[in-house]
Amino acid sequence: MRTCLFLVLWVCLSHLGDAKVFIKRTTGDGVALRRSKRGWMWNQFFLLEEYTGTDYQYVGKLHSDQDKGDGSLKYILSGDGAGSLFLIDENSGDIHATKRLDREEKAYYALRAQAVNKKTGRPVEPESEFIIKIHDINDNEPKFTKEIYTASVPEMSYVGTSVVQVTATDADDPTYGNSARVVYSILQGQPYFSVEPETGIIRTALPNMNRENRENYHVVIQAKDMAGQMGGLSGTTTVNITLTDVNDNPPRFTHNTYQFGVPESTEAGSPVGRIKADDADVGRNAEVDYTIINGDGLDMFDITTDMNTQEGVITVKRPLDYEKKKIYTLKVQAENTHLDPRFLSQGPFKDTATVKITVEDVDEPPNFERASYIMDVKEDAVNGTVIGSVSAEDPDITSSAIRYSIDRHTDLERLFNIHPGNGSIFTLRPLDREEFAWHNISVIATEFSNPKQVSRVPVFIRVLDINDNAPMLATYYETFVCENAKANQRIQTVSAVDADDPTGGHKFFFSLSPEASVNANFTVRDNRDNTAGILTRRSGFSRLERSTYHLPVVISDGDYPMQSSTNTLTVRVCTCDKEGNMQSCNAEAQMLPAGLSTGALVAILLCIIILLIIVVLFAALRRQKKKEPLIISKEDVRDNVVSYNDEGGGEEDTQAFDIGTLRNPEAIEDNKQRRDIIPESLYPSRRTALTRDNADVRDFINQRLQENDTDPAAPPYDSLATYAYEGNGSVAESLSSLESATTEGDQDYNYLSEWGPRFKKLAEMYGGEDSDRDS
């Protein structure tokens, strides 16, 4: 059939190529115009793709009217595929395709044809273009854009709910025939889903598709070209469809009744057990809220939701007591927190269950009747006085006997004790309220049957006051009376204090002691308000006659038994002005308010005077020593200037400086340098002419002092010379090297190393110099 088709096409095209077209046209004058004929013309050739024959596929034939059949012309082909894909017989003009063509690779080829004279090589026809168009055949199957599709749709969706759209493409020519017209159909997945043939949209096909029954579906979709007709090519794809969850299932308890046991010693907040209401839904649709809605344990237990496991956790809310109640019954409800209004008719979305909790007995420590005890005891209570008792009992059914004791860490002084059997607390030592008004102890109760079961209770013991302290003056009073005081004049107001604390408050009574009432100079007047006034009984006091008075004041309290004390009030006699303001009192009272005697004061003054005399004499001796002139003696017994502030040889240290130098200044060696100032080689000398008056040494010394004082280059030394010689009396003789410049011969310092570690540094210095000199 293909051969016939090619022949038919070629025949039609060949007639077009050989056709001669004549076109008549007329001018305005009616004269006909004639167009010259075209030698050969064509439009396009058609060629089927995917040729499977063994010979070259014939395409068509080129022919020119100038071809007389004598072989003088040749045909030339150029353009797409000319010479390789398409060959032309230059003599006959037949065109053949050398290879099998694929329209999907290239749909048409543009070629150029020309007829030329073989002898001259000149074209006999203008060059013309033509197209070889490849006719499509259905050689490509539809292909989906994805190999596997994944989609989801809520469960219980209505029929026809869109799930996903699949798409397949065909590489064939959509403009030629039905080779590229694709139709979709479902091969696997019925009757749950369907697909629209033209669009590829997959929809649900069954109502009430329940995720809890089946969650995942594998649907196979086919795409077939040629509009689905027989002989068309097809392709398939897989669509994995998952039903998503909706809240269409209520929670349900697996049991109607749950039972748990809990020890009575369980602390508040501790878990008792877990219950769970199963929900076929998942995710947030399966979230459950648990509550206790009824029962006799509403106040004793609580329930919360574990968000990870969706379990109800029952916890203890208050302490349990096996002896009071052994079993509790609770009614627990589980309810979905996220409801879907579409499925409320399938409700209710909640369930209830009964929870029974049994309290288990444990051996508990003793319980005191009170959380704390307060007891009173008087501070004068004799040893062994019972001040109170504590009581505890074993809450268990066995009711073990109790033994009592005091925690000695709370009663280090062992002031109290307790009867081990009945819990009576009694004193062991005397108590003093003024020292400690309260005592806080801890009582321990222990079971005889199980000594590990121990309880404690605080006991606060208050010591009650008794009148065992006498009142005293509130403070030390500095009382004075003016010399010009008049009779019955108040000179002081006093008050009292008492360490006791009576219930009705303090009430003090003041009076003068009986022995001081005879010939008394002062009297005491009780003001009846816990104060008293000190009054004079006569006028006119003289501090020369008597400077101080000691007034014994008796103070008593109003409690039982009455306590009293005698307090001495010191009254000084002072000089006052007309208004009664104190001006001065006796020296004894001012200097020594503590009451020193006159003899002690005189002794202190004598000591001070002796110390002052010693200081004056010492200063006078020092001044006289400085003004003593130099002793000038012809015999030169001690005519040396001696310094006592060095480590010299004591009394024999008299060769520090030769006094003859002062008498004969010309004898001073020119090369001998001063040791108390900087050498003259560093600063120019400003020395003036020497005075040749040997008789007056003092003038020579003054002259030297003046020269040094006016010399700016001299250091601030006020002495005339530095004494470096330590005398013959020294064990080490002279250690100074200041006179080494005048020594004629070398000295041996090896003996320095024999003096011990104190002279080690000096031995190294001088020993090194000798070694250097020897080298």
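Structure: see above.
Note that the coordinates shown come from a computational prediction; the quantities given were computed from them, not determined experimentally. (Residues numbered from 1 in each chain as written. Predicted model: local features only at pLDDT ≥ 70, side-chain atom pairs only at ≥ 80, totals over all residues. Heavy atoms only, no water.)

What follows deals with the pattern of salt bridges. This structure, assessed with the given rule, holds 15 salt bridges. For R203, the salt bridge goes to E196, with nearest N and O atoms at 2.9 Å. The class for R203 is partly exposed, based on a relative accessible area of 25%. One network of salt bridges, with partners in common, ties together R211, E212, E215 and D245. (Salt bridge = Lys/Arg side-chain N within 4 Å of Asp/Glu carboxyl O. Buried < 20%, exposed > 50% of the residue type's maximum accessible area, 1.4 Å probe, protein only.)

Next up on the list: unusual backbone geometry. Put simply, Q190 and P191 share a cis peptide bond, and its omega is 5°. Assignment of secondary structure puts P191 in the loop between β14 (183-188) and β15 (193-195). Here the bond from Y560 into P561 is cis, since omega is -10°, no more than 30 degrees from zero. For Q310, which is not glycine, the phi dihedral falls at a positive 55°. Here Q310 lies in the loop between β24 (301-306) and β25 (311-316). Take Q310: its relative accessible area is 13%, and that puts it in the buried class. A positive phi angle, near 65°, is found at R528, a position not held by glycine. Mapped onto the elements of the fold, R528 is located in the loop between β41 (522-526) and β42 (531-536). (Helix = DSSP H or I, 4+ residues; strand = E, 2+ residues; numbered from the N terminus.)

Another point: the state of the cysteines. Taken as a whole and assessed by the stated rule, the structure comprises two disulfides. A disulfide bridge connects C482 with C576, and the sulfur atoms are separated by 2.0 Å. Because the torsion about its S-S bond is -85°, the bridge between C482 and C576 counts as left-handed. Placement of C482 in strand β38 (residues 479-482) and of C576 in strand β44 (residues 564-576) is noted, with a sequence separation of 94 residues between them. We classify C482 as buried; its relative accessible area is 8%. Residue C574 pairs covalently with C585 via a disulfide, S to S 1.7 Å. Across the S-S bond linking C574 and C585, the dihedral sits near 90°, which makes this disulfide right-handed. Placement of the pair is C574 in strand β44 and C585 in strand β45 (residues 582-585), with a sequence separation of eleven residues. (Disulfide = S-S within 2.5 Å.)

With that settled, consider the sheet that holds strand β21 (residues 271-275). Spatially, the three strands line up as an open sheet ordered β21-β25-β24, and their pairing is antiparallel. This sheet does not close on itself; its edge strands, each paired only once, are β21 and β24. When strand polarity is set aside, the average angle formed by the axes of neighbouring strands in this sheet is 25°. For β24 and β25, the ladder comprises six bridges, and the chain directions are antiparallel. Each residue of the ladder has a partner; that of T305, found in β25, is G312. (Pairing = 2+ DSSP bridges. Axes fitted to C-alpha atoms, helices over the stretch in contact; angles between N-to-C directions.)

Geometric descriptors of this kind do not, in isolation, establish any biological role.
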